[in-house]
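Descriptive analysis of the structure
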Amino acid sequence: MTAHDAPGLLGLAMRAGKLTLGEQGCLDVIRSDKAALILIDEGVSPGTLKKFRDASAFHHVEMVMLKAGQLGRSVGKPNRRTAVVQDAKLAEGILRGIENMARSEIQ
């Protein structure tokens, strides 16, 4: 897996119908226990961040913060700040891609 696979996998998840965007839709998916991974843009408001941290902790779903604007660019929809991946295997691949991206930025 290369460092640039995470955005591609996000697009794949979206086309497969396994990615939910938007605050309320994401919270609904988390509360229905269908979420595998929560992705949050660092540009969200403190109130939104608290809602998602609380939901993540209560429902035991991993949450990852992304750089400002990265989520919207990855899915081709600017100004998207919250997303939930509903497929465990896609979530694993996206997490690996994000880790690889972080490692490549450090080097």
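Residues numbered from 1 in each chain as written. Predicted model: local features only at pLDDT ≥ 70, side-chain atom pairs only at ≥ 80, totals over all residues. Heavy atoms only, no water.

With 14 residues, helix α3 (residues 46-59) should reach 20 Å at 1.5 Å per residue; the first-to-last C-alpha distance of 20 Å fits that figure. Listing the buried residues of α3 in full gives Thr48, Leu49, Phe52, Ala55, Ser56 and His59. Buried residues of α3, seen end-on, are gathered within an arc of 135° and therefore sit on one face of the element. In α3, those exposed residues whose orientation departs by more than 90 degrees from the buried face are Pro46, Lys50, Ala57 and Phe58. (Helix = DSSP H or I, 4+ residues; strand = E, 2+ residues; numbered from the N terminus. Expected span 1.5 Å × (residues − 1). Buried < 20%, exposed > 50% of the residue type's maximum accessible area, 1.4 Å probe, protein only. Arc of directions from axis to C-beta.)

A separate point is unusual backbone geometry. With a phi close to 55°, His60 is a non-glycine residue in the positive phi region. Turning to its location among the elements, His60 is positioned in the loop between α3 and β3 (62-66). Positive phi, normally seen in glycine, also occurs at Asn79, with a value near 70°. One can find Asn79 in the loop between α4 (70-75) and β4 (82-85). Using a relative accessible area of 62% as the deciding quantity, one classes Asn79 as exposed.

What the rule picks out here adds up to four salt bridges. A salt bridge links Lys50 to Asp54; its shortest N-O distance comes to 2.7 Å. Of the two residues, Lys50 and Asp54 are both situated in helix α3; the distance of four residues between them amounts to about one turn of the helix. Judged by relative accessible area, Asp54 falls into the partly exposed class, the value being 40%. Across the pair Glu92 and Arg96 runs a salt bridge whose closest N-O atoms are separated by 3.9 Å. Here the residue Glu92 and the residue Arg96 both occupy positions in helix α5 (residues 88-106), the gap between them amounting to four residues, near one helical turn. When its relative accessible area of 41% is taken as the criterion, Arg96 is described as partly exposed. (Salt bridge = Lys/Arg side-chain N within 4 Å of Asp/Glu carboxyl O.)

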